[in-house]
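Residue strings, one per chain:
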Amino acid sequence: KTIIKCPSGKAVIKDNCVAAGLSVGGQQNGGLSFEGSWNNRPSGCYVEEFGNKLIFFNENADPAENEENDRVSLLCQWECIQRFSIRHMASFGCQCIDGYMSRETGERVLRDESEVCISSLESTAIRVTSTTITYTN
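A brief look at the structure comes next. This structure is a prediction, so every number in the text was calculated from the model and none was measured.

## A short note on the state of the cysteines
Phase 1 of the analysis: Counted under the stated rule, the structure contains three disulfides.
Phase 2 of the analysis: Here Cys6 pairs with Cys76 through a disulfide, and the sulfurs are 2.0 Å apart. Since a negative S-S torsion denotes a left-handed disulfide, the Cys6-Cys76 link at about -90° is left-handed. Residue Cys6 is found in the segment before helix H1 (14–23), and its partner Cys76 is found in the loop between strand S4 (72–74) and strand S5 (85–88); the two are separated by 70 residues along the sequence.
Phase 3 of the analysis: The partner cysteine of Cys17 in its disulfide is Cys45, sulfur to sulfur 2.2 Å. Between Cys17 and Cys45 the disulfide shows an S-S torsion of about 85°. By sign, it is right-handed.

## Here we look at the sheet that holds strand S1 (residues 34–36)
Phase 1 of the analysis: One open sheet accounts for four strands, arranged S1-S3-S2-S4; its pairing is mixed. With partners counted over all chains shown, the strands left at the sheet margins are S1 and S4, one partner each. Between one strand and the next, the sheet's axes are offset by a mean angle of 25°, whatever the strand orientation.
Phase 2 of the analysis: For strand S2 (residues 44–48) and S4, the ladder comprises three bridges, and the chain directions are antiparallel.

## What to know about the pattern of salt bridges
Phase 1 of the analysis: One pass over the structure, following the stated rule, counts six salt bridges.
Phase 2 of the analysis: Across the pair Glu35 and Lys14 runs a salt bridge, and its minimum N-O distance is 3.6 Å. A residue pair is termed long-range when its members are at least 10 positions apart, and Glu35 in strand S1 and Lys14 in helix H1 qualify at 21 residues.
Phase 3 of the analysis: We note a salt bridge from Lys14 to Glu59, for which the minimum N-O separation is 2.6 Å. Placement of the pair is Lys14 in helix H1 and Glu59 in the loop between strand S3 (55–58) and S4, with a sequence separation of 45 residues.
Phase 4 of the analysis: Classification of Glu59 by relative accessible area gives partly exposed; the value is 43%.
Phase 5 of the analysis: Each of Lys14, Glu35 and Glu59 takes part in one network of salt bridges that share partners.

Thresholds, definitions, all that
- Residues numbered from 1 in each chain as written.
- Predicted model: local features only at pLDDT ≥ 70, side-chain atom pairs only at ≥ 80, totals over all residues.
- Heavy atoms only, no water.
- Disulfide = S-S within 2.5 Å.
- Helix = DSSP H or I, 4+ residues; strand = E, 2+ residues; numbered from the N terminus.
- Pairing = 2+ DSSP bridges.
- Axes fitted to C-alpha atoms, helices over the stretch in contact; angles between N-to-C directions.
- Salt bridge = Lys/Arg side-chain N within 4 Å of Asp/Glu carboxyl O.
- Buried < 20%, exposed > 50% of the residue type's maximum accessible area, 1.4 Å probe, protein only.

Take a look at the structure:
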């Protein structure tokens, strides 16, 4: 079995779990999120990838039956090691700095750590209509 867990120091804390879950499309059931101690789910904050995509926080620090194919998305903080990227606080992920965008999506906020920030001028998401820029004084 492969136990899924966040890298050391990158787990989303309980106080930030709802915000992190909502930022990736998770839902609350009547304004509630679920907290408990389960042996068959990852430790920490996660969103179920089926049904209502509910947000959960598992307080069990060492679940024994947590498998990689449990159809849940464990939420971890990103490293933001991509060139031209900085922390995006609302999603606990990363975003490209001003003037840069994701090569894959054309957006500033990155979907995952595999995306790359490129200059907006190089992006295929922006259509260049002229190749001449004239400056006047």
